[in-house]
Amino acid sequence: MKLSGKVAIVTGTSPNIGAGIAGGLADEGAKVVCADVVPDNAEQCASWIAKHGGEALGIACDTTDETQVEALVARTRDAYGGVDVLVNNAGILGGDSVLDMPLDRWSRQLAVNLTGTFLCTKHVARQMVAQKRGGSIIVIVSTAGHQGQAGNIGYCTSKSGLLNFTRAAAMDLARHRIRVNSLTPTATDTEEGLARAAEWGRARPEARRRTLDFVKMAPLGALPSPRHYAQAAVFLASDDAEMITGTDLRVDAGAIAKYWPWIPHA
Ligand SMILES: NC(=O)c1ccc[n+]([C@@H]2O[C@H](COP(=O)([O-])OP(=O)(O)OC[C@H]3O[C@@H](n4cnc5c(N)ncnc54)[C@H](O)[C@@H]3O)[C@@H](O)[C@H]2O)c1
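Because the structure is predicted, anything quoted here is derived from the model rather than measured.

Caption draft 1: Representation of the sheet that holds strand S7 (residues 248-250) within the structure. With respect to topology, 7 strands assemble into an open sheet ordered S3-S2-S1-S4-S5-S6-S7, the strand pairing being parallel. At either end of the open sheet lies a strand with only one pairing partner, and these are strand S3 (55-60) and S7. Between one strand axis and the next, the sheet turns by 20° as a mean value, whatever way the strands run. Inspection of the sheet shows strand S5 (residues 135-140) paired to strand S6 (residues 178-184) by 6 bridges, in the parallel sense. Residue pairing in the sheet places Gly-135 in a bridge with Ile-178 of S6. Taken strand by strand, helix H1 (residues 17-27) contacts strand S1 (7-11), strand S2 (31-36), strand S4 (85-88) and S5, and its axis lies near 170° from that of S1.

Caption draft 2: Geometry of the site of the ligand. Neighbouring the ligand are 26 residues, the closest being Ser-14, Asp-36, Asn-89, Tyr-155 and Lys-159. Taking Ile-17, its main chain carries an N or O atom lying 3.0 Å from an oxygen atom of the ligand. Burial of the ligand by the protein amounts to 86% of the accessible area it has alone, namely 820 Å². Every element with two or more residues in the shell around the ligand is listed here: helix H4 (103-131) and helix H5 (153-173). Class assignment for the residues of the shell around the ligand results in 12 nonpolar, 10 polar and 4 charged.

Caption draft 3: Broad picture of the packing of H1 against helix H8 (residues 226-237). Look at H1 against H8: their axes get within 8 Å of each other, and the N-to-C directions meet at 50°. By the criterion of interaxial angle, the relationship of H1 to H8 is oblique. Seen along the crossing, H1 lies across H8 with a hand that is right-handed. Only Pro-226, Tyr-229, Ala-230, Ala-233, Val-234 and Ala-237 of H8 make contact with H1, whose side of the interface consists of Ile-17, Gly-20, Ile-21, Gly-24 and Leu-25. Looking at the contact of H1 with H8 residue by residue, the classes come out as 9 nonpolar, 2 polar and no charged.

Caption draft 4: Representation of the side chain of Arg-196 within the structure. Position of Arg-196 among the secondary structure elements: in helix H6 (residues 191-199). Sequence-distant contacts of Arg-196, that is, excluding residues within four places in its chain, are made with Pro-15, Asn-16, Ala-19, Gly-20, Trp-48 and Pro-226.

Caption draft 5: Representation of the nonpolar core within the structure. Core analysis: the biggest nonpolar cluster contains 29 residues, and Leu-25 and Val-32 have the highest contact counts within it. Within the residue set of this core, elements represented by two or more residues are S1, H1, S2, helix H2 (39-51), S4, S5 and H8.

Caption draft 6: Structural view of H2. Taking 1.5 Å per residue, 13 residues should reach 18 Å; H2 reaches 18 Å between its end C-alpha atoms and fits that length. Asn-41, Ala-42, Cys-45, Ala-46, Trp-48 and Ile-49 are the residues of H2 that are buried. The buried residues of H2 occupy one face: seen down the axis, they fall within an arc of 160°. Those residues of H2 that are buried lie in contact with H1, S2, S3 and H6.

Cut-offs and rules
- Residues numbered from 1 in each chain as written.
- Predicted model: local features only at pLDDT ≥ 70, side-chain atom pairs only at ≥ 80, totals over all residues.
- Heavy atoms only, no water.
- Pairing = 2+ DSSP bridges.
- Helix = DSSP H or I, 4+ residues; strand = E, 2+ residues; numbered from the N terminus.
- Axes fitted to C-alpha atoms, helices over the stretch in contact; angles between N-to-C directions.
- Contact = heavy atoms within 4.5 Å.
- Near = heavy atom within 4 Å.
- Polar contact = N/O pair within 3.5 Å; in protein donor to acceptor, adjacent residues only side chain to side chain.
- Areas by Shrake-Rupley, 256 points an atom, 1.4 Å probe, with all protein chains shown as cover.
- Nonpolar A, V, L, I, M, F, W, Y, C, P; charged D, E, K, R; others polar.
- Parallel < 35°, antiparallel > 145°, perpendicular 65-115°, else oblique.
- Left-handed = near helix turned anticlockwise from the far one by under 90°.
- Core = buried A, V, L, I, M, F, W, Y, C linked by side-chain atoms within 4.5 Å.
- Buried < 20%, exposed > 50% of the residue type's maximum accessible area, 1.4 Å probe, protein only.
- Expected span 1.5 Å × (residues − 1).
- Arc of directions from axis to C-beta.

See the structure below:
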């Protein structure tokens, strides 16, 4: 139990990556607050953790609204006595090209991916400073934050902004022993998230064919699942990472390290 006695807030707890990380933290003994703008995602994730023997609370919260974020932190403090870990996972994926991206979609995507992360980090870090026991903040990025992907201008821009947000916040918070690191997932194997959605009683969506062959291009020959991100998040959240701050931990099957024209599994 690497996180026993710790309290974690995870934002964006859909059955996919957020729930995978929330469940992984709970398996290591953390009490977990599942926060999502969709109330069902918050509540069902918390119930699922409780059903598997963990302790969790679901709270509906739009992370772009400062009043709601302040209330999220206050409710967490009232329920569990403080916060030790924050996982900024809520995000809006997908988008369009710089030629076609409508301004309102661009603004909302940047608001959720960047401003939501800023607001949660600000108010959780204030709570951590007041507690005087340090803390760990994890920012979920994407390989699209490291590379220029066509047809995804708002996502690429916001995720790459988060990489330097992480470094700057790490510097602001270092003297309080609050560590800030990012975690880079990549195109994710969908099976685990779909199985979890079914366990939550949700209908299985129509299978969507991916236009790119991600597995063929991944050096490790397989795509990561949410549980792989959870293992990395547990490490960053735990005291095992006590000297690690301002870094990015890539859980991407080797994607970003790859020499770009090489096709490993052609
Ligand atoms: N799925 C992938 O292949 C992949 C790859 C790389 C990075 N990521 C990143 O991982 C994270 C999770 O991705 P996912 O695939 O599980 O996506 P998802 O769409 O299943 O989950 C995102 C969650 O964020 C919530 N959310 C959106 N706006 C919010 C707001 N304003 N306040 C609170 N919650 C809000 C949504 O309701 C949803 O539950 C995202 O940050 C995404 O960019 C995903």
